[in-house]
Amino acid sequence: MIPPLSTRGLVGALLLGCLTLAAASQAARLTYFRVEKEQNDLVITWQAADEANVQGYVLERRSPFTNGTFKKIDTSFLPHGIGKPYRYRDDEVYKASSDEVEYRLYALSVSPAGERTLLAQQKVNYTATTIRRTWGSIKAMFQ
């Protein structure tokens with residue numbers, strides 16, 4: 001038989017549970033999030049100001065060719081410390097003469113539930129000087 005908890009033990013258990021939930025719910029904070037044109041590609045960069053309880057990052061893209069839905073484009077970003085920038089070169093966007101592309105970045109928590117926290121979202125109007133059709137950009141048209 002398990003002995004009943006005393007009032008002091010119950011308060012301590014509740015306090016420990018609250019502290020654990022508060023630590024688990026703390027998400028990353030960003031110093032910056034940028035989407036910039038670089039040659040014929042879009043480059044997404046960000047830097048974390050806090051990576052407490054972060055297991056990784058998920059980057060998603062929405063464009064006219066994804067029928068208005070966000071698609072995961074990379075999930076391989078593991079936390080590597082605050083103050084060190086992350087960089088992703090998106091060379092798989094189908095580049096018509098003028099497109100609006102939107103990116104969003106999520107942090108995955110280390111909690112058993114693996115919650116996702118939206119950290120940043122940015123739209124870019126992209127006007128290419130030349131239409132470059134690589135295998136990746138052709139594939140992106142049909143996603």
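Criteria and thresholds
- Residues numbered from 1 in each chain as written.
- Predicted model: local features only at pLDDT ≥ 70, side-chain atom pairs only at ≥ 80, totals over all residues.
- Heavy atoms only, no water.
- Helix = DSSP H or I, 4+ residues; strand = E, 2+ residues; numbered from the N terminus.
- Buried < 20%, exposed > 50% of the residue type's maximum accessible area, 1.4 Å probe, protein only.
- Contact = heavy atoms within 4.5 Å.
- Areas by Shrake-Rupley, 256 points an atom, 1.4 Å probe, with all protein chains shown as cover.
- Core = buried A, V, L, I, M, F, W, Y, C linked by side-chain atoms within 4.5 Å.
- Pairing = 2+ DSSP bridges.
- Axes fitted to C-alpha atoms, helices over the stretch in contact; angles between N-to-C directions.
- Phe/Tyr/Trp six-rings, centres within 6.5 Å; stacked < 30°, edge-to-face > 60°.

Points about the overall build of the protein chain
Counting its regular elements, the protein chain contains 2 helices and 7 strands. Order of helices (α) and strands (β) in the protein chain, N terminus to C terminus: α-β-β-β-β-β-β-β-α. For the protein chain, buried positions account for 36% of its 143 residues. Excluding contacts between residues fewer than 6 apart, the proportion of contacts in the protein chain whose partners are at least 24 apart in sequence is 62%. Accessible surface, the protein chain as shown: approximately 8700 Å² in total, 57% of it carbon and sulfur.

A short note on the nonpolar core
Core analysis: the biggest nonpolar cluster contains 22 residues, and Phe33, Ile44, Trp46, Tyr57, Leu59, Phe77 and Tyr103 have the highest contact counts within it. Among the secondary structure elements, those contributing two or more residues to this core are β1 (29–38), β2 (41–50), β3 (54–62), β4 (71–77), β5 (86–90), β6 (99–109) and β7 (116–126).

Section: the environment of Leu118
For Leu118, the location among the structural elements is in strand β7. Taking relative accessible area as the criterion, Leu118 reaches 42% and is therefore assigned partly exposed. Between the C-alpha atoms of Leu118 and Tyr57, which are 61 residues apart in sequence, the distance is 9.9 Å. Not counting residues up to four positions away in its chain, the partners in contact with Leu118 are Arg104, Leu105 and Tyr106.

Brief notes about the sheet that holds β3
On the basis of which strands lie adjacent, the open sheet formed by 4 strands has the order β4-β3-β6-β7 and antiparallel pairing. Every interior strand has two partners, whereas the edge strands, β4 and β7, have only one. Going across the sheet, the axis of each strand differs from the next one's by a mean of 20°, ignoring polarity. Bridge count between β3 and β6: 8 bridges; the pairing is antiparallel. Looking at the pairing, Arg61 lines up with Tyr103 of β6.

Here's the deal with unusual backbone geometry
Located in the positive-phi region is Asn53, a residue other than glycine, with phi close to 60°. Mapped onto the fold, Asn53 is located in the loop between β2 and β3.

Quick notes on the packing of aromatic side chains
Enumeration over the complete set of coordinates arrives at 7 aromatic pairs. When the centroid spacing of 6.5 Å and the interplanar angle of 35° are considered together, the rings of Phe33 and Trp46 count as tilted. Of the two residues, Phe33 sits in strand β1 while Trp46 sits in strand β2, which places them 13 residues apart along the sequence. Given the relative accessible area of 14%, Phe33 is considered buried. Residue Trp46 is classed as buried on the basis of its relative accessible area, which comes to 0%. With a centroid separation of 5.1 Å and 5° between ring planes, the pair formed by Trp46 and Tyr86 is classed as stacked. With Trp46 in strand β2 and Tyr86 in strand β5, this pair connects stretches of sequence that are 40 residues apart.

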